[in-house]
Amino acid sequence: MPEGDTVFALATRLRPVLAGKTLTRTDFRVPRLATVDLSGWSVDGVRSIGKHLVVDLTSGERHCAIRSHLGMDGSWRVFAPGQRWTKPAHTARAVLTVDDGAVVGFSLRELHVDADPDRALAHLGPDLLGPAWDPSAAAANLADAGARDPGLTVSRALLDQRNLAGIGNVYRNEICFLLGVHPSTSMSEVDAEQAVSIARKLLWDNRLRTVRNTTGIPARGRRHEDLWVYGRAARPCRRCGTSIERVDGADRDRITFYCPTCQLTVSE
Ligand SMILES: [Zn+2]
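Residues numbered from 1 in each chain as written. Predicted model: local features only at pLDDT ≥ 70, side-chain atom pairs only at ≥ 80, totals over all residues. Heavy atoms only, no water.

Trainee: Can you break down the sheet that holds strand β8 (residues 110–114) residue by residue, with the values?
Mentor: Strands sit in the order β2-β3-β4-β8 across an open sheet of four strands; the sheet is antiparallel. Strand pairing shows two members of the sheet lacking a second neighbour, β2 (42–49) and β8, which therefore form its edges. If you compare each strand with its neighbour and ignore which way they point, the axes differ by 15° on average. Examined bridge by bridge, strand β3 (residues 52–59) and strand β4 (residues 62–69) share eight bridges and lie antiparallel to one another. Looking at the pairing, His 52 lines up with His 69 of β4. (Pairing = 2+ DSSP bridges. Helix = DSSP H or I, 4+ residues; strand = E, 2+ residues; numbered from the N terminus. Axes fitted to C-alpha atoms, helices over the stretch in contact; angles between N-to-C directions.)

Here it is in structure tokens:
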């Protein structure tokens, strides 16, 4: 599941392919951008902001950026000239061609061309992997959100990108385990600084890994065995052996996993 670390790694992969090059052709396959043509624009850089990928472009004095969000199923892939795409063409949303290849965005949840991407993303809290990462501001945002709304759960607070940017469902579950709190615990009862410090460590350690690992113990074999609770329903907790519980949310990207022994249940 794409989270802040996935998009950071993606930007790192796309940067050498695109940065410093001129787009020879662009093809945006969403109705709103169908007439946009950015051929001739130069790529200044590729970066991640939270879970958003930003490709910065210039043409003379003009600037713009292609901004995308992968959602659950999106991806960007690199192809050599003439190479057959590895995803169905009807799922392509953006094709950026340079003289020695193409970068194609498939099944993107969001795709925009912005005059000012930083303004478009100004509502986001501190980016866990950003150059201006500010843990104090992130902790203050979480604590304030908890104080404002006693009904706000730690889960919703961590997923709300306005508090801090980069956490998705995998890290939401893993952070709650490492905090030792049930995911439905009120944010106001959780140590915001500790939550931020765990979040930063997990995303930073995983920013360039191909397989996400939150336990620090390399596990080869079964899927999700590199994680504490996410995706491990009915398997034994790595700490205490209790069966991991799974609770399905309204969306498939909101499934909760927790250890009923290690993560104290909230008092009703
Ligand atoms: Zn446990």
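Trainee: Pulling in residues and values, what's your account of the coordination of the zinc ion?
Mentor: Summarising the metal site, the zinc ion is bound by the protein donors Cys 237 (SG), Cys 240 (SG), Cys 259 (SG) and Cys 262 (SG), whose distances to it range over 2.2 to 2.4 Å. Of note is the zinc ion, whose four donor atoms meet at the metal with angles of 101 to 114° in an arrangement that counts as tetrahedral. Residue classification places Cys 240 among the partly exposed positions, given a relative accessible area of 36%. The class of Cys 259 is buried, set by a relative accessible area of 0%. (Donors = N, O, S within 2.8 Å, 3.2 Å for Na, K, Ca; no water. Tetrahedral: all angles 85-135°; square planar, octahedral: opposite > 155°, others 65-115°. Buried < 20%, exposed > 50% of the residue type's maximum accessible area, 1.4 Å probe, protein only.)

Trainee: Now, about the environment of Val 54: what can you tell me, with residues and values included?
Mentor: Along the polypeptide, Val 54 turns up in strand β3. The exposure class of Val 54 is buried, given its relative accessible area of 0%. Along the backbone, Val 54 and Gly 40 are 14 residues apart, and their C-alpha atoms lie at a distance of 18 Å. Not counting the four nearest positions on each side in its chain, Val 54 is found in contact with Gly 45, Val 46, Arg 47, Ile 49, Ala 65, Ile 66, Arg 67, Pro 117 and Leu 121. (Contact = heavy atoms within 4.5 Å.)

Trainee: Got a sec to walk through the sheet that holds strand β1 (residues 25–28)? Specific residues and values, please.
Mentor: Ordered by their spatial adjacency, four strands build an open sheet running β1-β6-β7-β5, and the pairing between neighbours is antiparallel. The open sheet has two edge strands with one neighbour each: β1 and β5 (75–79). Adjacent strand axes in the sheet meet at a mean angle of 15°, parallel and antiparallel pairs treated alike. Relative to strand β7 (residues 101–106), strand β6 (residues 92–98) runs antiparallel, the two being bridged by six bridges. By the bridge assignment, Val 95 is partnered in β7 with Val 104.

Trainee: Can you explain unusual backbone geometry? Please cite residues and give values.
Mentor: Positive phi, normally seen in glycine, also occurs at Ser 107, with a value near 50°. Tracing the chain through its elements places Ser 107 in the loop between β7 and β8. Phi is positive for Ala 234, close to 70°, though the residue is something other than glycine.

Trainee: Explain the domain arrangement of the protein chain to me, using residue names and the numbers behind them.
Mentor: What the domain assignment lists for the protein chain is domain 1 (4–120) and domain 2 (135–258). With eleven residues of domain 1 at the interface, the matching set in domain 2 holds 13 residues. A buried area of about 900 Å², summed over both sides, lies between domain 1 and domain 2, and 56% of it is on carbon and sulfur atoms. Viewed at the interface, domain 2 and domain 1 are joined by one salt bridge. Linking Asp 5 and Arg 212 is a salt bridge whose minimum nitrogen-to-oxygen distance equals 3.1 Å. Here domain 1 is connected to domain 2 by five residue pairs in polar contact (both at pLDDT 80 or more). Classifying every residue of the side of domain 1 that touches domain 2 by side-chain character gives three nonpolar, four polar and four charged. (Domains from an automatic or database assignment. Buried area = accessible area lost by both parts, 1.4 Å probe. Salt bridge = Lys/Arg side-chain N within 4 Å of Asp/Glu carboxyl O. Polar contact = N/O pair within 3.5 Å; in protein donor to acceptor, adjacent residues only side chain to side chain. Nonpolar A, V, L, I, M, F, W, Y, C, P; charged D, E, K, R; others polar.)

Trainee: Now, about the nonpolar core: what can you tell me, with residues and values included?
Mentor: Core analysis: the largest hydrophobic core is formed by 29 residues, its most contacted members being Leu 142, Ile 167 and Ile 175. Going through the elements one at a time, α3 (135–148), α4 (154–159), α5 (169–179) and α6 (192–206) are the ones with two or more residues in this core. Ranked by the residues each element gives to this core, the list is headed by α6, at seven residues. Membership of the second largest hydrophobic core comes to 27 residues, among which are Leu 10, Val 30, Trp 41 and Leu 111. (Core = buried A, V, L, I, M, F, W, Y, C linked by side-chain atoms within 4.5 Å.)

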